[in-house]
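Inside the fold
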Amino acid sequence: MWYNHSGDSMDYTLVRMERKTVSVEVKNNETIVRAPLRMSRRDVDAFVSRHAAWIERQRERQAQRTHLPVTPLTEEEISALLSRAKEVIPQRAAYYAAQIGVTYNRICIKRLHSRWGSCSEKKNLNFNCLLMLAPAEVVDAVVVHELCHLKQMNHSPAFYREVLRVFPDYHRHDRWLREHGEELLARLP
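Residues numbered from 1 in each chain as written. Predicted model: local features only at pLDDT ≥ 70, side-chain atom pairs only at ≥ 80, totals over all residues. Heavy atoms only, no water.

1. Section: the overall build of the chain
Note the following rule: Runs of E in the DSSP output that reach at least two residues are strands. Runs of H or I that reach at least four are helices, and both are numbered from the N terminus. We take the radius of gyration over the C-alpha atoms and set the globule estimate at 2.2 Å times the residue count to the 0.38 power. Only protein chains enter the area calculation, which uses a 1.4 Å probe; residues under 20% of their type maximum are buried, those over 50% are exposed, and those in between are partly exposed. Accessibility throughout is a Shrake-Rupley quantity obtained with a 1.4 Å probe, and a residue counts as covered only by protein chains that appear here. Note on charges: Lys and Arg go in the positive column, Asp and Glu in the negative column, and His and the chain ends are not counted at all. Lysine's charge is taken at NZ, arginine's at CZ, aspartate's at CG and glutamate's at CD.
In terms of helices and strands, the chain carries six helices and seven strands. Ordered by position in the sequence, the α and β elements of the chain form the string β-β-β-β-α-α-α-β-β-β-α-α-α. Relative to the compact-globule value of 16 Å for 189 residues, the chain shows a C-alpha radius of gyration of 18 Å, a close match. Overall size of the chain, expressed as C-alpha extent along the three principal axes, is 50 × 40 × 30 Å. The 189 residues of the chain split such that 40% are buried. Summing over all exposed atoms, the chain offers an accessible surface of approximately 11200 Å²; the carbon and sulfur share of this is 49%. Separation between the mean location of the 29 positive side-chain charges and that of the 23 negative ones in the chain comes to 6 Å.

This is the structure:
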């Protein structure tokens, strides 16, 4: 269910769905809040208010980036990225899985428009082929992040302790992805 909502200080689109947590995304200068079906509107508004500064920063960053020319990737370039990612990412996952002490079932490399990676409860890992446009350390940071979800399916302090134990420079490379990731995603046709 989609609702457009204008709160006291911020407009957002509310998407109600079967989920346990609430999240916010800013894309194309639109704020989208995904919330559990039973979460009250007041609680959703409070969540948006608590994250207002972050939302505004994301809007400002996107406004600055819209002035940069973006060259869309061709289908041939995307195919080459997919092939390269299918070579690189499984190797990196095997290397770090041994260090973390986890096993996984399947790795899928996809053309994703909004995510860099994900980990399912069935121990399947998904990664975005556009990671091949990022520095190798950024790829490793995403791989370690998703593998650590096999131990902690959340973003708790315990999760980040595990990430940093294996990859101490994680925050620096995660910051690179937050700063440049949208430019990479914008290259998908």
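2. What about the packing of helix α4 (residues 136-148) against helix α6 (residues 170-185)?
Selection criterion: Axes here mean lines fitted to C-alpha atoms, for a helix over just the part in contact, with angles spanning 0 to 180 degrees between N-to-C directions. Reported orientations rely on four angle classes, namely roughly parallel under 35 degrees, roughly antiparallel over 145, roughly perpendicular from 65 to 115, and oblique for the rest. Every residue pair with non-hydrogen atoms within 4.5 Å of one another is taken to be in contact. Residue classes follow a fixed rule: Ala, Val, Leu, Ile, Met, Phe, Trp, Tyr, Cys and Pro count as nonpolar, while Asp, Glu, Lys and Arg count as charged, and any other residue, Gly among them, counts as polar.
For the pair α4 and α6, interaxial distance at closest approach is 9 Å and the crossing angle is 105 degrees. When the axes of α4 and α6 are compared, the pair comes out roughly perpendicular. Only Tyr170, His173, Trp176 and Leu177 of α6 make contact with α4, whose side of the interface consists of Glu137, Val138, Ala141, Val142 and His145. A per-class count over the contact of α4 with α6 returns six nonpolar, two polar and one charged.

3. Notes on the nonpolar core
As a reminder, the rule being used: Residue types Ala, Val, Leu, Ile, Met, Phe, Trp, Tyr and Cys, when buried and joined through side-chain atoms within 4.5 Å, form a set referred to as a nonpolar core.
Of all hydrophobic cores here, the largest spans 40 residues; its most connected members are Ile89 and Leu147. Listed by contribution, the elements that provide at least two residues to this core are α3 (75-100), β7 (125-128), α4, α5 (157-166) and α6. At ten residues, α3 tops the list of elements feeding residues into this core. Once residues within four sequence positions are removed from consideration, Ile89 is found in contact with Ile107, Ile109, Phe127, Leu131, Met132, Val139 and Val143. Formed by twelve residues, the second largest nonpolar core is a distinct cluster that contains Met10, Tyr12, Val22 and Phe47.

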